[in-house]
Amino acid sequence: MKKAVIFSGAGLSAESGIPTFRSNNGLWDNYRIEDVTSPEGWEKDPALVLDFYEQRFEQMQNCKPNAAHYAIAQLQEQFDVLCITQNIDTLLERAGVKNVIHLHGRIDYAKCECHFLIPPQNIDEECDYRSEISKAIQMGDRCPKCSKKLRPDVVWFGEAVSLPKREIRRILPEVEVFIGVGTSAKVYPASSLLYYFDTVPHRYFIDPDPPEHLRLRYTFLEGTAAEKIPELVASLLAK
Ligand code: BV8
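Here the residue numbering is sequential within each chain, running from 1 through the sequence in written order. Note on the predicted model: pLDDT of at least 70 is required for a residue's local features to be given, and 80 or more for side-chain atom pairs to be given and counted; whole-chain, interface and lining totals, by contrast, use all residues. Only hydrogens and water are removed before side-chain values are computed, so all heavy atoms of the structure are retained for them.

1. A look at the overall build of the protein chain
Phase 1 of the analysis: Helix and strand assignments follow DSSP, with helices taken as H or I runs no shorter than four residues and strands as E runs no shorter than two, numbered in order from the N terminus. Looking only at helices and strands, the protein chain has 8 helices and 9 strands in total.
Phase 2 of the analysis: C-alpha atoms define the radius of gyration in this analysis, and the globule rule sets the expected value at 2.2 Å times the number of residues to the power 0.38. Taking 239 residues into account, the globule formula puts the C-alpha radius of gyration at 18 Å, and the protein chain, at 18 Å, falls close to it.
Phase 3 of the analysis: Each principal axis of the C-alpha atoms in the protein chain carries an extent, and together these give about 55 × 35 × 30 Å.
Phase 4 of the analysis: Looking at the protein chain as a whole, 54% of its 239 residues qualify as buried.
Phase 5 of the analysis: Sequence separation of at least 24 residues holds for 65% of the intrachain contacts in the protein chain that already meet a minimum separation of 6.
Phase 6 of the analysis: Using a 1.4 Å probe, accessible areas were evaluated by the Shrake-Rupley method; residue-level cover was limited to the displayed protein chains. Of the roughly 11,500 Å² of accessible surface on the protein chain, a fraction of 51% belongs to carbon and sulfur atoms. Whether a residue is buried, partly exposed or exposed follows from its accessible area with a 1.4 Å probe, protein chains only, as a fraction of its type maximum: under 20%, in between, or over 50%, in that order. In this description, contact between two residues means that some pair of their heavy atoms is separated by no more than 4.5 Å.

Put into structure tokens, the structure is as follows:
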């Protein structure tokens, strides 16, 4: 089966009602990044961080996949689709997409804070607790293994991101289509993945305001995800 890789950012979920990070109604307008998406912010005021994630948890659970998410699911009829997303919502999975890698974690998982304390604690005291959650983490929610605080299972600024480089190298020769959608490509190392697919024959980038520095690498389809992804998928399935 032909392979397709789709790399997405917050713009993919914008038309589901989830604000992006850097547009004018962006999430960051109400908070300082360093206060709510960094280990230092967690150490300083975990309640503020949990408020921030509780708002996003409610928002994401009450939103629905949009036409772009469903079109990506439909692409699976003829393509082996791998979605690599920076988003922590699960709208792709809820639309029926099977193979999704969340580079920055997921809103519906919690993990123990013990890996990430500053300063790091004694390595053999760390536990690896992580669990799916059906409601937002509250202050006082404790790890059942080591009784430290629970935190969102997301990657904060200054925390390591594991890139699926081995997976990409393995499938790359068979990838016929690469689609970048809805990202300002400002966050590293996630956005470095946009440079891994130069050998792919058909490369598209969908965004109403695409990052200038990527123009040479992609066929730009200027517009929103919910407009352009269904059109592109229809043309790919018609081939
Ligand atoms: C690390 C958490 C090291 C989860 C996020 C200076 C220069 C370069 C890099 C750095 C630097 N200083 C520090 C760094 C590194 C830093 C970084 O990149 N900073 C940036 C801000 C400069 N990166 C890190 O810290 C990373 N870790 O480097 O660790 C290390 C190594 C080893 C050991 C220990 C440590 C960790 C980065 C992860 C941070 N976590 N999120 C959460 O709460 O969500 S990042 C956050 O930004 C989100 O995950 C989001 O996905 C991501 C990227 O943003 P976008 O998705 O692109 O969203 P944005 O709003 O920017 O853009 C939206 C786009 O959509 C726009 O283009 C818009 O036009 C478009 N759009 C709008 N509407 C639509 C649309 N498109 C289509 N349709 C629409 N309707």
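More follows now that the structure is in view.
2. Some points on the site of the ligand
Phase 1 of the analysis: The immediate surroundings of the ligand are formed by 35 residues, with Arg22, Arg56, Thr183, Ser184 and Asp207 found nearest.
Phase 2 of the analysis: Between a nitrogen atom of the ligand and a main-chain N or O atom of Gly11, the distance comes to 3.3 Å.
Phase 3 of the analysis: When the ligand sits alone it has 1,500 Å² of accessible area, and the protein chains cover 72% of it.
Phase 4 of the analysis: A 1.4 Å probe that fits but cannot get out identifies a cavity on a 1 Å grid over protein atoms alone, an open set with protein on both sides within 12 Å along at least five of seven lines counts as a pocket, and a residue lines either if it has an atom within 4 Å of a point. Each molecule is assigned to a cavity or pocket provided more than half of its atoms lie within 2 Å of the corresponding grid points. At a threshold of 2 Å from the grid points, most atoms of the ligand map onto the largest pocket. Each residue is tested against the molecule or strand, and it is near if at least one of its non-hydrogen atoms lies within 4 Å. By the criterion applied in these results, polar contacts are pairs of N or O atoms within 3.5 Å in which, for protein atoms, one can donate a hydrogen and the other can accept it, and in which residues neighboring in sequence qualify only through two side-chain atoms.

3. What to know about the packing of helix 5 (residues 67-75) against helix 8 (residues 225-238)
Phase 1 of the analysis: Relative orientation of the contacting elements helix 5 and helix 8 amounts to 20°, with a least axis distance of 8 Å. The orientation of helix 5 with respect to helix 8, classified from their angle, is roughly parallel. Seen along the crossing, helix 5 lies across helix 8 with a hand that is left-handed. Residue-level contacts link Ala67, Ala68, Ala71, Ile72, Gln74 and Leu75 of helix 5 to Ala225, Ala226, Ile229, Pro230, Val233, Leu236 and Leu237 of helix 8.
Phase 2 of the analysis: Looking at the contact of helix 5 with helix 8 residue by residue, the classes come out as 12 nonpolar, 1 polar and no charged. In this analysis, axes come from line fits to C-alpha atoms, helices being fitted only over the stretch in contact, and the angle between any two N-to-C directions falls in the range 0 to 180 degrees. By definition in this entry, angles of less than 35 degrees are roughly parallel, angles greater than 145 are roughly antiparallel, angles of 65 to 115 are roughly perpendicular, and the rest are oblique. Should the near helix be turned anticlockwise from the far one by less than a right angle, the crossing is left-handed, and should it be turned clockwise, the crossing is right-handed. Side-chain classes follow a simple rule in which Ala, Val, Leu, Ile, Met, Phe, Trp, Tyr, Cys and Pro form the nonpolar group, Asp, Glu, Lys and Arg form the charged group, and the remainder, Gly included, forms the polar group.

4. Quick word on the sheet that holds strand 4 (residues 105-112)
Phase 1 of the analysis: Strand pairing follows a simple DSSP-based rule, namely that at least 2 bridges must link the two strands. Judged by pairing direction, the sheet is antiparallel, and its 3 strands sit side by side in the order 5-4-6 without closing on themselves. In this open sheet, the two edge strands, each paired with only one partner strand, are strand 5 (130-132) and strand 6 (150-154). Along the sheet, successive strands turn relative to each other by an average axial angle of 40°, direction set aside.
Phase 2 of the analysis: Here 3 bridges tie strand 4 to strand 5, and the two strands are oriented antiparallel to one another. Each bridged residue has a counterpart across the sheet, and for Lys111 the counterpart in strand 5 is Arg130.
Phase 3 of the analysis: Contacts between helix 4 (residues 46-62) and the sheet are confined to strand 4 and strand 6, with strand 4 contributing the most and set at about 140° to the helix.

5. Description of unusual backbone geometry
Both trends apply: most residues other than glycine have a negative phi, and most peptide bonds are in trans.
Phase 1 of the analysis: The peptide bond linking Tyr188 to Pro189 adopts the cis configuration, its omega dihedral lying at 0°.
Phase 2 of the analysis: Here Pro189 lies in the loop between strand 7 (175-181) and strand 8 (202-206).
Phase 3 of the analysis: The phi dihedral of Ser147 is positive, around 65°, even though this residue is not glycine.
Phase 4 of the analysis: Residue position: Ser147 is located in the loop between strand 5 and strand 6.
Phase 5 of the analysis: By relative accessible area, which is 46% here, Ser147 ends up partly exposed.

6. Focus: the pattern of salt bridges
Phase 1 of the analysis: A pair is scored as a salt bridge if a Lys or Arg side-chain nitrogen falls within 4 Å of a carboxyl oxygen belonging to Asp or Glu. One pass over the full model with this rule turns up 16 salt bridges.
Phase 2 of the analysis: A salt bridge links Lys149 to Glu113, with the shortest nitrogen-to-oxygen separation between them at 3.3 Å. With Lys149 in the loop between strand 5 and strand 6 and Glu113 in the loop between strand 4 and strand 5, this residue pair connects regions lying 36 residues apart in the sequence. Each of the two residues, Lys149 as well as Glu113, counts as buried.
Phase 3 of the analysis: Ionic pairing is found between Arg217 and Asp198, a salt bridge with its closest N-O pair at 3.1 Å. In this pair, Arg217 is assigned in the loop between strand 8 and strand 9 (219-221) and Asp198 in the loop between strand 7 and strand 8, connecting sequence segments 19 residues apart.
Phase 4 of the analysis: Assessed through its relative accessible area of 27%, Arg217 is described here as partly exposed.

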